[in-house]
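What follows is each chain in one-letter form.
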Amino acid sequence: RVCSFLERVFPACVSGRESHPVQAFASLMEPDTEAQKQEGGIKEHEGTIPEDQPTAPCELRSIFAYFGGGAPVANVLLIFLPLLVLTQAKYEASTNNEFIEWRLDLIDGDLCNMTGTPNPAGSPEAYVKPDGYDKGCRWFPVNKNVPGVDVDYTGVMIFGSVISMILSAICLVTLGPLPDFKTLRFPILMYSTMLWVVMLAIIPAFASTGAWIGPLVLMSVASAAWALSFESCISGYVMVAIWNHADLQPLRTDPNVAASIRELGAVKKEGGVASLKDADAAEKIEEYLRISESLSVRINMIGSLCFISFQFITLLIQVVIVYILEPDEADPKDTLGLRMAVLSVAVVAIPVLALSLFWMKKRRGPEFPTKGSIFLIGARRAIETTKLLYKELPELLLFITGRILVWMTTSALLQTAVLFLEREFAMEGSGLFVCMNFLFYIMAE
């Protein structure tokens, strides 16, 4: 509820239209005056609708469709792409002069037959398990550094993940607030969606193991674009859908409710809504908060259900693809199965996302603030929100900080888990997918 409140308040606060958060909230419940429109309020644009127009059923469908269409990207970013880059980098490390050795189960396990000697390098059976070796024997590069970069082959993916997270953070801070203004939400969503879909569609073209840096770069760009689409644009559409839902329209248009919210900003905090003089208005505000919270839970739960359902269905398809196209033991550089698993996400996403964008309405928001760079709006929002929460709701600030740290840790663990399982246990195929999904759903819960 507080987050919904802040999302609505800060576009007005940043533009200087209101000086107090509660007053800004109240002003958003009333139509803009002509003076406000001339100052930098809402401009008329052909093909768009006002930000406060009631939510259409098709807009809710578009939100749920986008949750479903964008969900499978998580499979790629957390499982298949790290495994693709790892497979390519590992093979490149094996091309060093030291070649490979065979060890029992683990990267530092006992040498098979006490020697770990492979078949002659360059022979057709160079990577085939020599006769007499135990079933658990697996090959590992003797020199684990990737030629040309002198970095451990698992370290390559870790560096890529760090760069991807930094790029996503910069993107969200600088570009994240822009969809809240003017008519930018729809075009930013459309172009960022096209960007990450195209990036994922291009990745399968990098068949050569020496081109491992290509998927890594494309992954970073796709990850940032995907984060911008979901965390900024779709989250904004969810807030607008809740704010303008038909169930809230009678209360939003009630002048007594807006007047009472102004009064609520002036009375003592200790009294809360109960301190309002108008008991009827206080009751309506309580009803407004109850309905908005119920709508928020319902819309987000349906969105989460669509996300998990599409993610799971796509994962089954990807596992089948990898299993059918499993490479021959003699050719470990064959990554066709993994690359087709990545491509399947784009194939699934394109029709669902196209339908989502078709249903979505183009809404108008406020003008940009007249002072300061538009790319610093996000930084100013973060600072002002932190100050407000520290002053008014310190417990909520502590909770949000902890939540951020939990998700950062979860993301880091998921991104490195596939590397750990492959490197330390030489896990592959179905065993790796089962473990990764177990970790994913447990951590998501």
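To be clear, the structure that these remarks concern was listed above.
Quick caveat: nothing in here was measured; it's all calculated off a predicted structure. (Residues numbered from 1 in each chain as written. Predicted model: local features only at pLDDT ≥ 70, side-chain atom pairs only at ≥ 80, totals over all residues. Heavy atoms only, no water.)

Caption draft 1: Representation of the overall build of the chain. When helices and strands are counted, the chain shows 15 helices and six strands. Evaluated residue by residue, the chain yields a buried proportion of 48% over its 445 residues. (Helix = DSSP H or I, 4+ residues; strand = E, 2+ residues; numbered from the N terminus. Buried < 20%, exposed > 50% of the residue type's maximum accessible area, 1.4 Å probe, protein only.)

Caption draft 2: Structural view of the nonpolar core. Core analysis: the biggest nonpolar cluster contains 78 residues, and Phe 67, Phe 80, Tyr 153, Leu 189, Trp 196 and Leu 200 have the highest contact counts within it. Put simply, the parts of the chain that give this core at least two residues each are helix H4 (57–70), helix H5 (73–94), helix H6 (153–174), helix H7 (185–202), helix H8 (213–243), helix H11 (279–324), helix H12 (336–359) and helix H14 (394–425). Sort the elements by how many residues they give to this core and H8 lands first, with 16 residues. Counting residues in each nonpolar core, the second largest holds 10 residues, with Phe 99, Ile 100, Cys 112 and Tyr 133 among its members. (Core = buried A, V, L, I, M, F, W, Y, C linked by side-chain atoms within 4.5 Å.)

Caption draft 3: Fine view of the state of the cysteines. Applying the stated rule across the entire model yields one disulfide. Each sulfur in the disulfide pair Cys 112 and Cys 137 lies 2.0 Å from the other. For the disulfide bridge between Cys 112 and Cys 137, the dihedral angle about the S-S bond is near -125°, and by the sign convention the bridge is left-handed. In this pair, Cys 112 is assigned in the loop between strand S2 (100–104) and strand S3 (137–141) and Cys 137 in strand S3, connecting sequence segments 25 residues apart. (Disulfide = S-S within 2.5 Å.)

Caption draft 4: Region of interest: the pattern of salt bridges. Counted by the stated rule, this structure contains five salt bridges. Here Lys 333 ties to Asp 331 by a salt bridge, and the two come within 3.0 Å at their closest N and O atoms. Lys 333 gets classed as partly exposed once you look at its relative accessible area, which sits at 38%. (Salt bridge = Lys/Arg side-chain N within 4 Å of Asp/Glu carboxyl O.)

Caption draft 5: Region of interest: the pairing of S2. For S2, a buried count of four out of five residues is recorded, marking the element as mostly surrounded by other parts of the structure. Relative to S3, S2 is paired through five bridges, and the arrangement is antiparallel. Of the residues in S3, the one forming a bridge with Arg 103 is Arg 138. (Pairing = 2+ DSSP bridges.)

Caption draft 6: Structural context of unusual backbone geometry. The phi torsion at Phe 99 lies on the positive side, around 60°, for a residue other than glycine. A positive phi angle, close to 55°, is found at Asp 150, a residue other than glycine. Along the polypeptide, Asp 150 turns up in the loop between strand S4 (145–146) and strand S5 (151–152).

Caption draft 7: Representation of H8 within the structure. Taking 1.5 Å per residue, 31 residues should reach 45 Å; H8 reaches 44 Å between its end C-alpha atoms and fits that length. At Ile 234, H8 shows its maximal bend, which comes to roughly 30°. Summarising burial for H8: 26 of the 31 residues are buried, a large majority. (Expected span 1.5 Å × (residues − 1). Bend = angle between axes of the 7 residues up to and from the residue.)

Caption draft 8: The arrangement of the side chain of Ser 223 in detail. Mapped onto the secondary structure, Ser 223 falls in helix H8. According to the relative accessible area criterion, Ser 223 is buried, its value standing at 12%. Among the polar contacts made by the side chain of Ser 223, one reaches the side chain of Ser 164 at a distance of 3.2 Å. Excluding anything up to four places from it in sequence, Ser 223 contacts Leu 77, Ser 164 and Ser 168. (Polar contact = N/O pair within 3.5 Å; in protein donor to acceptor, adjacent residues only side chain to side chain. Contact = heavy atoms within 4.5 Å.)

Caption draft 9: H12, seen in detail. Between its terminal C-alpha atoms H12 stretches 35 Å, which fits the 34 Å expected from 24 residues at 1.5 Å a residue. Along H12, the sharpest kink reaches roughly 30°, centred on Ala 349 and followed within four residues by the proline Pro 351.

Caption draft 10: Geometry of the packing of H7 against H8. Between H7 and H8, whose axes approach to 8 Å, the crossing angle comes to 150°. Taken together, H7 and H8 sit at an angle that is classed as roughly antiparallel. Remark: the crossing between H7 and H8 carries left-handed chirality. Contact residues: H7 offers Arg 185, Phe 186, Ile 188, Leu 189, Ser 192, Thr 193, Leu 195, Trp 196, Met 199, Leu 200 and Ile 202, while H8 offers Leu 218, Val 221, Ala 222, Ala 225, Trp 226, Leu 228, Ser 229, Cys 233, Ile 234, Gly 236, Tyr 237 and Val 240. (Axes fitted to C-alpha atoms, helices over the stretch in contact; angles between N-to-C directions. Parallel < 35°, antiparallel > 145°, perpendicular 65-115°, else oblique. Left-handed = near helix turned anticlockwise from the far one by under 90°.)

Caption draft 11: Here's a closer look at the environment of Phe 230. Mapped onto the elements of the fold, Phe 230 is located in helix H8. Here Phe 230 is in contact with Tyr 66, Phe 67, Gly 70, Ala 71, Ser 235 and Phe 307, once residues within four sequence places are set aside.

Caption draft 12: Layout of the packing of aromatic side chains. For the coordinates displayed, the defined rule picks out nine aromatic pairs. An aromatic cluster is built from Tyr 66, Phe 67, Trp 226, Phe 230 and Phe 307, whose rings are joined through pairwise contacts. Its end group placed over the ring of Tyr 237, Arg 185 keeps NZ or CZ at 5.4 Å from the ring centre. (Phe/Tyr/Trp six-rings, centres within 6.5 Å; stacked < 30°, edge-to-face > 60°. Lys NZ or Arg CZ within 6 Å of the ring centre and 35° of its normal.)

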